[in-house]
Amino acid sequence: QVQLVESGGGLVQPGGSLRLSCAASGLTFSAYVMNWYRQAPGKERELVAVITNIGGRTSYADSVKGRFTISRDSARNTVYLQMNSLKPEDTAMYYCNAQHGIYSKYDYWGQGTQVTVSS
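Cut-offs and rules
Residues numbered from 1 in each chain as written. Predicted model: local features only at pLDDT ≥ 70, side-chain atom pairs only at ≥ 80, totals over all residues. Heavy atoms only, no water. Phe/Tyr/Trp six-rings, centres within 6.5 Å; stacked < 30°, edge-to-face > 60°. Helix = DSSP H or I, 4+ residues; strand = E, 2+ residues; numbered from the N terminus. Buried < 20%, exposed > 50% of the residue type's maximum accessible area, 1.4 Å probe, protein only. Lys NZ or Arg CZ within 6 Å of the ring centre and 35° of its normal. Disulfide = S-S within 2.5 Å. Contact = heavy atoms within 4.5 Å. Polar contact = N/O pair within 3.5 Å; in protein donor to acceptor, adjacent residues only side chain to side chain. Core = buried A, V, L, I, M, F, W, Y, C linked by side-chain atoms within 4.5 Å.

**What to know about the packing of aromatic side chains**
Enumeration according to the criterion identifies 3 aromatic pairs in this entry. Relative to tyrosine 108, the ring of tyrosine 32 has its centre 6.1 Å away and its plane inclined at 50 degrees; by these criteria the two rings are tilted. With tyrosine 32 in strand E4 (residues 32–39) and tyrosine 108 in strand E10 (residues 107–109), the pair connects residues that are 76 residues apart, well separated along the chain. Residue classification places tyrosine 32 among the buried positions, given a relative accessible area of 6%. Owing to a relative accessible area of 26%, tyrosine 108 belongs among the partly exposed residues under this scheme. Centre to centre, the rings of tyrosine 37 and tryptophan 109 are 4.9 Å apart; their planes meet at 55 degrees, and the pair counts as tilted. Taken as a pair, tyrosine 37 in strand E4 and tryptophan 109 in strand E10 lie far apart in primary sequence, 72 residues in all. Judged by relative accessible area, tryptophan 109 falls into the partly exposed class, the value being 35%. Across the ring face of phenylalanine 29, the terminal group of arginine 72 is positioned such that the distance to the ring centre comes to 4.4 Å.

**Things to note about the state of the cysteines**
What we call a disulfide is simply a covalent bond connecting the sulfur atoms of a pair of cysteines. Applying the stated rule across the entire model yields 1 disulfide. Here cysteine 22 engages in a disulfide with cysteine 96; their sulfurs sit 2.1 Å apart. Between cysteine 22 and cysteine 96, the S-S dihedral sits near -80 degrees, and the bridge is therefore left-handed. You can see cysteine 22 sitting in strand E3 (residues 18–25) and its partner cysteine 96 sitting in strand E9 (residues 92–100), a full 74 residues away along the chain.

**Side note on the environment of threonine 78**
Assignment of secondary structure puts threonine 78 in strand E8 (residues 78–83). According to the relative accessible area criterion, threonine 78 is buried, its value standing at 8%. C-alpha separation for the pair threonine 78 and alanine 23, spaced 55 residues apart in sequence, amounts to 4.5 Å. When residues no more than four places from it in sequence are discounted, the contact partners of threonine 78 are Ser21, Cys22, Ala23, Phe29, Ser71, Arg72 and Asp73. From its side chain, threonine 78 meets the backbone oxygen of arginine 76 in a polar contact 2.8 Å long.

**What to know about the nonpolar core**
Membership of the largest hydrophobic core comes to 30 residues, with the highest contact counts inside it found for Met34, Trp36, Phe68, Val79, Leu81, Met83 and Tyr94. Among the secondary structure elements, those contributing two or more residues to this core are E3, E4, strand E5 (46–51), strand E7 (68–73), E8, E9 and strand E11 (113–117). Those residues in contact with phenylalanine 68, other than ones at most four positions away along the chain, are Arg38, Val48, Tyr60, Leu81, Gln82, Met83, Asn84, Leu86, Asp90 and Tyr94.

**Let's talk about the environment of glutamine 114**
For glutamine 114, the location among the structural elements is in strand E11. Residue classification places glutamine 114 among the partly exposed residues on the basis of a relative accessible area of 37%. With 106 residues separating them along the chain, glutamine 114 and glycine 8 place their C-alpha atoms 8.6 Å apart. If sequence neighbours within four positions are ignored, glutamine 114 has contacts with Gly9, Gly10, Thr91, Ala92 and Met93. A polar contact is formed between the side chain of glutamine 114 and the backbone oxygen of alanine 92, at a distance of 3.4 Å. In this structure the side chain of glutamine 114 is engaged in a polar contact, spanning 3.4 Å, whose partner is the side chain of threonine 116.

Structural measurements only, silent on function.
Right under this line is the structure:
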């Protein structure tokens, strides 16, 4: 079955960096657009970053542009989110999402990894 396993979250001071990883299995990685979402307590889930399966095009939420970078490694079936210059408002549970590039009904989620930015 399809599994998305996130890792790399933790506690970091403001201005620090973290790299999240999401290892995918049970799917054809090259067929999926990969996304990172986040959800803070009491807030709606927010799309943070997207990387397409064809061409590797990326897009970002305005709140993270210039600070976060999404990338994918097809050899490892893994997507990454490099987060720099972290702010307290980046504190949230971060989720990896895989959505088929053609058949959107094939949509999978990881269990999430907590990121806390605090001094």
